[in-house]
Every structure is written in C-alpha cells, then in structure tokens.
Amino acid sequence: MIEGETRLRLRYGLNEADSWWHFARGPHRGRIQERLRELEPDIVRIFLDDKGTPDPVAEWEAFAEYVQAVLNVGAVPMITFAKFRRPFDDPRALRWFAERCGDVVWGCLEEWGEAVRDWYWVVWNEPNSTWIGGGLSFETYRRVYEAVAECVLRWLEPVLGGRRPPIGGPSIEGFDPFWMDWVWRFINEIDPALFGLVNWHRYADWREHGEKGAPADGAAHHALLMAQAADYADRARDVARMLGGSGVLNVCGEWNAHSHYLPAVRARFNQSLFGAAFGAAVLLQLMRAGVDAEMLWTGTDVDCGYGVLDGEARPTPLYHAKKLCTRHIRPGDWVRFPTGEDSRADLDAVVARGEDGRTSALLVHLRQEKAAYAVSELDDRLAACRRLLKIDAGTVGRVVEAPCGDTVTFEGYGVAVMTNAPADSCRTGW
Amino acid sequence: MRLRYGLNETVNWPRFATGPHREEIWARFRELNTRVVRLLVFDKGGPDPVEAWEPFAACIEAVRSAGAVPMVTFAKFGPPYDDPAAVCDFADRCASVVVRCIRQWGGAAVRDWYWGVWQHPNSEWVSAGLTFDHYRRIYEATARAILGHLAPFLEGRRPRIGGPAADGFQPFWADWVWRFVNEIDNDLIGFASWHQFGDWREVGAWGAPADEHIFRTLLLARVSEYESRARAVARMLRGRGILNVCGELNAHAHHEPRVSRAYNQTVFGAAYYASALIHLMRGGADLEMLKSGTDEGPYGLMDGAARTTPVFEAKRLCAGHICFGDGVQFPEVRAGQGVDVVVATGERGRRSVLIVHRKEEQATFAVDELTGGQTGYRLLLKIDGGTDGRVAKGRCDGRVRFEGCGVAVVTSELAVAKGMS
C-alpha cells in the first residue's frame, strides 16, 4: 500500500423515478439500459407508491419490468416504499401499508428467488419534507418504519443468512436545518435489528440566480455551488460519526447540483458542463468521506431537468463524467487524493490503483476559466499513463481521447481521466 | 493550536463595565485567557458611542482590564437599507467611533482591535429585507471609512474589520460567508464571522424530540457541526489571510431562561461547550466567542455578581491547559464512546489532555487508550455530575471516571492554574 492510499468503498448508483416508463418499457429502453450499464451501477433506486410508478399489486407486470430493467443494467434495486396517502396516524392505514410492502417482498421472492436477499429496501422518501414526503413527525415516521421493516423482514429473514437487514431510511431531505436530527434519531431510536443502511439526500441549491438571496450573477452562483461540493464530505462524515462503526451503510441516496422547482432552471445546472464537473467533484468528496453508496438523481428523465439520459438515451455531460469516473475509479481500488483532504479550490483529483496494475487519475477542473496542470505535481505514477480522456468546453460536450502529455489543460469546467489501461478495457467507445 | 478564546459581552455590558462586581468579573475573564470581547453598539440595549461616549468608553476600559481587546460590532441601522444617505451616515458614525478610540487609546493599541459590521444580516428577525447586495454596499462603505482612519497605524497589518456575523440557523448561511469573501475586496476584510447554537427549539416544539433525555443526547451528538462548519468556512478562506471566527456560540439560543438555562449554564452546558471548542480547534477556527460572558439571563458563564456556572469551570480547564500556540493532536477514539479528546504540548514540555464526556451515564476511560499510549500525567482536574458544579482535583492514576457528562484535564504539570480549587 502506498502512503495515503485507502480502499475505495464507494459503490455507484442511480435513481430511476419519474421517467421509469422510458427506462423500463419505452421504445428506447434497450439503448437506455445499455448506456446505463456502461456506468457500471451497483444499485438503482426505484420507487413505489409515488412518482407515477406502477402499482405493484394492480400492475405487477409493469412493476416487474421496472425491476427487471434494473437487473438488466447489472445492478440490484433499492426499492423505496415512498409514502401512503391515507392518514399517517391511522393504525389501520399503517397496517395496510406495511402489509402491502411485505407483499411486494413476497412477490419479488416468488418472481426472482433468493437473489432478492441482495436487494435494498427503503421506507419512505423525505419524510421531513412537507412537499415531498408529507412532513411527518419523527415519531410518526418511526411507527411507519418499524411496522414496514417488520413486515419486510418477515419474508426476507429466511434468505438473509444472518446478515444485517438491507432495509433503511429515513431518506431525509437535506435542506432542512435539522436534517441531522433525523439521522441521529433513526439510528438511536429504532431497533438496530430493523435496519442496515442510513440514507440521506443532498442538493447544493434549489434557487435560481437571484432568487431568495442567491447571487444574481450566474458565474458567481455557479462558483458558490461548486464551493459546496466539499460539504458533501462534511455531511457524510457527520453521518459516519453518528453510525460510529456499527456496520450500518452510509448511503447518499439522492444528489445532484440543483433541485429548482422548474425543470428548465435546474437543467441548466445539472445537465451542463458545470453539472458534469460538479457531479465528478461530489463523487470525489463522497469517496474521501468513506460513503458506502451514492445514487445520482437521476438516470433517465424526460424533461425533468435531472437525468443523465433523455428518453432516447441521449447523454448529458454528467453522463460522460460519471462514466469516466466509474470506469476508471472502481470500488475496491486503492485510492489517493493528491489535492489533499479537502481538494483545492481550482482542482480536485483522485489517483486509483487496481490489483490488475491499472493506474488511473480522475481530474476535475472546478473553475470557469481556462487552466493547465502539470501532471508531475499530482502523482509520479501518472508518468506511466498514456491515454487522456477529457470532457470540457473544448470537446463540445463529448469525451475526446488524446495521448497524455506533461500537462492537462481545461477549457473551463471539465473532467479528465489519465490512465495506463488500454482502450479495449472499456466495453464500448465514447 | 490556532484557536483564540473570546467572549461576548453584548447582553450584560453595564454590569461588566461599571457594576459593583466588575473587578471580579475582569479577573475571571483573565482566568479564561480571554483575548477578545465582543461588544454590540448601535443596537437596542447596547451602548451608543455617538450619543453617549462615556458608557462606551467604560466598556472598552473594562475589556482592556480583562486583558483582552474589543471586537466592536456596529450592529445595524433601520430600513431602508438601500438609501445611499443612510448607508453613508452609518459608515460615518462607525468611522467616528474609530477616530475617537484612536484619539483616546492611541493608534498603536486600536490597530489590534476588531471591528464587526452588522449583526445577523441574513436573519429576517433581525434584518428583515436586507439582501447580500445591500449588505455588501454597507460593508464596503463602512470598512473603507474605518480603514481610512486605521491605515496610518497598521504598518502592513491586515485591518481587523469583518463580518457578516451570519446567523447559522438560516438555511443558506454559508452563502453569506462565501459571498462576503468572494464579492468584497479582501483588502477590506480581516475576519469572517459566523454564529452557531445547538438549537433554538423547546423540547417537543417544531419537530424537536418531545423526550427531554433524547433532546439532550441529540444536542450533544450534533456538536460535530461546529467542526464541519469551521472546516467549510476555512475552505472558503484558504490562502486569503482572513481569520475564521465563530462569533457567537452556545448550546441553546432560546431567549427564555426556563427553556435554555438548563442547556447553557449547567454541567451539560459545560460538556457541550468544551466539546464545541475541541471541534472548532479541529475545524481550523481562529477565534471563538461564547455568548456570553456575564448575563442575568440564560447565556452567561457567570452572572453580574461574578458567580460562575459549570461552563466557566469547563472553559477555565480548556483555556488553562490548551493554549494558543501549543502543538495539538486529536487522537481518534473508539466509535460510540461519546468522548472528544485533544492533547496539547506546550512550553517546557508541558503536556495536557482535555477529555469531554458527552454521555449522561457513568463511564471510565484509561488515559493511555484515549491518547494513543501516552502516559506520565500527574494531575487530574474534573467537573461532572459528581463534583457539585466545581472542579475536583486529584492525582492522575491513569484513569478518568465520569459521572455523566463532564470535562476533565489530565496534565503533566503539578501546579494548578490560579484560582482553581
């Protein structure tokens, strides 16, 4: 092991929610699934009882196709029982919901067999948000969680083989100033036999330029957001402290740059080169902090302003950035961060070493201006890298490959990989 | 160790400055190694140095007598905030205070003082309708006006003018600090300040846990936020030479003593504050200022008669043994222990360990396990649920036992800081 190296534990993932139909049943689903498979996701988070997704009781076939699409991309599903629309405090409503969730698990076991033991299950989505999850009190959420987890475990336990239950919550909305309360109370007030993961969400902003105190100048607003990428690591470490080495997974189950209520606004942040650089910067911060899994919001979407693919599988810059990351910085690699514990203000980087002799570096340029970086200043091992893959304003939204030189230049926000891996190690081209 | 210790004296300043127990209060401030005392002027209840110079001057003298320098915070003026005449008038009034200070105490002294512009500009409660763009114009006008008078005495030093004293409960509080240092000429900035309290909610209100024990445990679990916030601000300030100042902190911000006193002025509050100090050290803060020094209400670590709370004792343990300029280490402790540890090495080989226990149950710790094998500590000083709100002193036998939340120091020195029982 080289000094400063740690094992990368981060597993990559995606959400497939509002545009699930295009992902699972649409005319371009084959191409979409192929492209998502190229991102090598381990987990895809899907929704029930929200986001217009199929009803697993009345529309089992559609639900099964939704799940099968996840399996087709090489991932396992994280099935989110998002909410119910009956009075939250009504014991009969709660019992109905919990039994329904248990029935879904039973149905999955019937359809897919014991492989289901490796899937994940999440109870509710953003219970602390009035807009999204209904604004539950924690006490109400705890009752819902315990009832659902018990019903899920009734079917799952026989196949788990003594492993910690792959069930979790609270999928908290991260703009809430008291978001930490929910994670702490989840860990400390719920029977630990009922959960195996803690899920939290984070977006950098929800405001348009100039809205509610945000900078009116677009460049300043972008720079402000980019400066917050490191906050993802702070938040992940806060969660890790609360978990205290318990073995419970630390999951960032939903993230992106921006969550404005209008798709056109958030698309400008999420689906641009800025979004690509921001996303890659966040991934590096989650790696640093030892997060166990991340799930970008979202994989596919049609006019929602989040997705890395549209309904016809056309990729955004963030798709390419994430692919550069997942193909070259792999779970289990030995990783080192030459830009330090917090990254630099202009550049962040990770160098990864696989057991197969592969050495790769992912570089993220965090500023709108042009810049050039000497490779020798980052890591001596990069001298052996022959291939440079890069996306920035100079590559017109695509990844361009070139031989590695002594420097890497960026035309504004951008992401690059230097690697000694041969081109054919990627299953498909860029 | 780059953290300097400070206190707010924004609430109870008349007793601090001119009360019958003022000299005892100043002596206690000195025991806490207080480097900076924050005062609020141009605010309701605060001194107005333009209308009444003498009370303000007495307050400054009190700060100096306490061995500190003042951070004079020009709190606010009333709306409209975009009126150029009002901005100009505010800047002129602030500058006139600086001029008079220089005249009275001399430029060589005043150049080391701190000057804050505004209090909680991001809070609708305090500054309704004030945007960052308003604030920037106010700050720039005020800082330039102040700097015009300070500049001849600075001799290359950075002016100790700063802001924005952002209220940390607001969702986008960090925007204010980021914009402050990215949108304002850094030659006008010496420090960036932010405020952080553990909570403002009463038990069971506004989504807070209804169970008192859970509420307290949760509050102590969230102390790590001081570190993440300090780190976030430190990142924004990197390479700029601007100080990272936590300008107000305490466990609970509720204004009613019946709600917040139990969190701020008890052994619980002592553990909370000592833990916050360790997290601020870890996060790279340059200066902390507890709210507050003296207070008849729920915040002070002593009252106007210099009667101290356990928080005072905890701060004295910390400030007396973990000193500015010491070498410090933060050993990783076993997860779930609820313990924060800092090891300081100072002059003449002095080595001290500050240990904070954040759990309300009994616990015993082996010092060498907490410090990565270091031994040779001779003296144990401790405050917890079993010491009746005072510091107990004894020989260190290599173990520290806590009766609930508490703060302890083990040190290689046998001498005890002056005044410690």
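When helices and strands are counted, chain A shows eleven helices and 17 strands. For chain A, buried positions account for 63% of its 430 residues. Partitioning the intrachain contacts of chain A with sequence separation of at least 6 by distance along the chain shows that 75% fall at a separation of at least 24. Carbon and sulfur atoms make up 50% of the accessible area of chain A, which amounts to about 15500 Å² in all. Averaging the coordinates of the 49 positive side-chain charges in chain A and doing the same for the 62 negative ones gives two points 2 Å apart.

Turning our eyes to something else, we now look at unusual backbone geometry. The amide bond that connects Trp 297 of chain A to the next residue, Thr 298 of chain A, takes the cis arrangement and shows omega of 5 degrees. The residue Thr 298 of chain A is located in the loop between β9 (293-296) and α11 (317-328) in this model. Following Pro 79 of chain B, the chain continues into Pro 80 of chain B via a peptide bond in cis, with omega recorded as 5 degrees. Looking at the element boundaries, Pro 80 of chain B is found in the loop between β3 (69-74) and α4 (84-105). Positive phi, normally seen in glycine, also occurs at Asp 49 of chain A, with a value near 65 degrees. On the secondary structure map, Asp 49 of chain A appears in the loop between β3 (43-48) and α3 (60-72). One non-glycine residue, Ser 171 of chain A, lies in the positive phi region at around 50 degrees. By the secondary structure assignment, Ser 171 of chain A is in strand β6 (residues 167-172). According to the relative accessible area criterion, Ser 171 of chain A is buried, its value standing at 0%.

We now examine helix α5 (residues 138-160) of chain A. An ideal rise of 1.5 Å per residue puts 33 Å on 23 residues; α5 of chain A reaches only 28 Å between its terminal C-alpha atoms. Considering bend angle alone, the principal kink of α5 of chain A is centred on Arg 154 of chain A and spans about 45 degrees; proline Pro 158 of chain A follows within four residues of it.

To continue, consider helix α9 (residues 263-270) of chain A. Those residues of α9 of chain A lying buried are Val 265, Arg 266, Ala 267, Phe 269 and Asn 270 of chain A. Contacts from the buried residues of α9 of chain A go to α7 (218-227), β8 (249-258), α10 (273-288) and α11 of chain A.

Residue and element names in this part refer to chain B. What the eight strands build is a closed barrel, ordered β1-β2-β3-β4-β5-β6-β7-β8; its pairing is parallel. Neighbour-to-neighbour, the strand axes of this sheet turn through a mean angle of 25 degrees, independent of strand direction. Running at roughly 165 degrees to strand β5 (residues 161-167), helix α8 (residues 173-183) makes contact with β5 and β6 (191-199) of the sheet.

All names here are of chain A. Tracing the backbone shows Ile 32 in helix α2 (residues 29-38). Residue class for Ile 32 comes out buried when judged on its relative accessible area of 0%. For the pair formed by Ile 32 and Pro 315, sequence separation is 283 residues and the distance between their alpha carbons is 9.4 Å. When neighbours within four sequence positions are excluded, Ile 32 is seen to be in contact with His 22, Phe 23, Thr 300, Leu 309, Asp 310, Gly 311 and Ala 313.

Next up on the list: the pairing of β5 of chain B. Residue and element names in this part refer to chain B. Counting buried residues in β5 gives seven out of seven residues, a clear majority hidden from the surface. Pairing between strand β4 (residues 114-117) and β5: two bridges, direction parallel. Bridge assignment links Gly 116 to a residue of β5, and that residue is Gly 162. Across five bridges, β5 lies against β6 in parallel orientation. From the neighbouring strand, Gly 162 faces β6, where its bridge partner is Phe 191.

So, about the confidence of the model for chain A. Note that predicted coordinates carrying low pLDDT should not be read in detail. Looking at chain A, pLDDT values average 95 and 98% of them are 70 or higher. Predicted confidence for residues 426-430 of chain A stays below pLDDT 50, and this span has 15 contacts to residues more than four positions away or in other chains.

The rules behind the values
Sequence positions are assigned chain by chain, starting from 1 and proceeding in written order. As they are written, the chains are lettered A onward and the ligands numbered 1 onward, keeping that order. pLDDT decides what is reported in this predicted model: residues at 70 or higher carry local features, side-chain atom pairs at 80 or more are listed and counted, and totals for whole chains, interfaces and linings draw on all residues regardless. The basis for every side-chain value is the complete set of heavy atoms in the structure, and neither hydrogens nor water enter the calculation. Working definition: helices are DSSP H or I runs of at least four residues, strands are E runs of at least two. Numbering for both runs from the N terminus. Here's how the labels work: a residue is buried when its accessible area is under 20% of the maximum for its type, exposed when over 50%, partly exposed in between, all with a 1.4 Å probe on protein chains only. Contact criterion: two residues are considered in contact whenever any of their non-hydrogen atoms come within 4.5 Å of each other. Accessible surface is estimated by sampling points in the Shrake-Rupley manner with a 1.4 Å probe; for residues, cover comes only from the protein chains shown. His residues and chain termini do not enter the charge count, which takes Lys and Arg as positive and Asp and Glu as negative. For charged residues, the charge sits on one atom: NZ in Lys, CZ in Arg, CG in Asp, CD in Glu. Expected span of a helix: the number of residues minus one, times 1.5 Å. Two axes enter the definition of the bend at a residue: one is fitted to the seven residues ending there, the other to the seven starting there, and the bend is the angle between them. Strand pairing requires that DSSP identify at least two bridges connecting the strands. Axis lines are fitted to C-alpha atoms, over the contacting stretch for helices. Their N-to-C directions set the angle, which ranges from 0 to 180 degrees. What pLDDT conveys is the predictor's confidence in a given residue, as a value from 0 to 100.

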